[in-house]
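# Fold and geometry: a report
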Amino acid sequence: MKRPSNQHTQWLKKISLSALIAVCLFMPELLWHKFSFILHVFYEVVSFALEESLIHGLGMQKYYAQMAVFYFFWMLGIILFARFLGRLPYLIQSLKTQLALFGLRIRKLISETWFASSAWQRIKFVLLQLLFLASGLMFLLT
């Protein structure tokens, strides 16, 4: 089977991330509740399985097994948070680069549109912007 090209993979990643963000933004509250409930049940199942394996596999008492599972999950959370903090400068720099590139693309698109339009379209655009500015100023002064 042929591997997809790097450009195709990047495109798929962008589409997947966009879809995930759209789902998160438009997901109703009831679905958020159900999703968090499912995650909580999954956490409880995993912790119960670990606890039972410590009780029956290693012969620990229930209290100590519960404490071991509890601190294991705390340690896992701290390790994941530390890894996130380690990658945070890279993520911030990547975000800054992406925002700068987005700004350059928008600037290029606007300048191309401006130079492609006729003088009459430019005059109408400037007058319309001036009208909006004046009406906004009058609204604020009243």
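Coordinates for the structure precede this section.
Described in the following lines is the structure provided in the data block. (Residues numbered from 1 in each chain as written. Predicted model: local features only at pLDDT ≥ 70, side-chain atom pairs only at ≥ 80, totals over all residues. Heavy atoms only, no water.)

Considering only enclosed or pocket space, the largest pocket measures out at about 570 Å³ in volume. As for the largest pocket, its lining consists of 14 residues, and the residues nearest its centre are Lys14, Leu17, Ser94, Leu95 and Gln98. Looking at the lining of the largest pocket, its residues break down into eight nonpolar, four polar and two charged. (1 Å grid on protein atoms, 1.4 Å probe; cavity = no way out; pocket = protein on both sides within 12 Å on 5 of 7 lines; lining within 4 Å. Points joined across faces, edges and corners; volume = space filled by probe spheres on them. Nonpolar A, V, L, I, M, F, W, Y, C, P; charged D, E, K, R; others polar.)

Turning our attention to the pattern of salt bridges. A full pass over the atoms with the stated rule returns two salt bridges. With its nearest N and O atoms 2.9 Å apart, the salt bridge here joins glutamate 51 to lysine 62. Remark: lysine 62 occurs in helix α3 (residues 62-116) and glutamate 51 occurs in helix α2 (residues 29-58); sequence separation between them is eleven residues. Using a relative accessible area of 10% as the deciding quantity, one classes glutamate 51 as buried. One salt bridge in this structure joins lysine 108 and glutamate 112, with 3.4 Å as the shortest N-O distance. Taken together, the positions of lysine 108 and glutamate 112, both in helix α3 and four residues apart, correspond to about one turn of that helix. Residue lysine 108 is classed as exposed on the basis of its relative accessible area of 51%. On the basis of relative accessible area, glutamate 112 is assigned to the partly exposed category, the value being 42%. (Salt bridge = Lys/Arg side-chain N within 4 Å of Asp/Glu carboxyl O. Helix = DSSP H or I, 4+ residues; strand = E, 2+ residues; numbered from the N terminus. Buried < 20%, exposed > 50% of the residue type's maximum accessible area, 1.4 Å probe, protein only.)

Mapped onto the secondary structure, leucine 50 falls in helix α2. Using a relative accessible area of 30% as the deciding quantity, one classes leucine 50 as partly exposed. Note: C-alpha distance between leucine 50 and serine 118 (68 residues apart in sequence) is 71 Å. Look past the residues within four positions of leucine 50 in its chain and what remains in contact with it is Val69, Phe72 and Phe73. (Contact = heavy atoms within 4.5 Å.)

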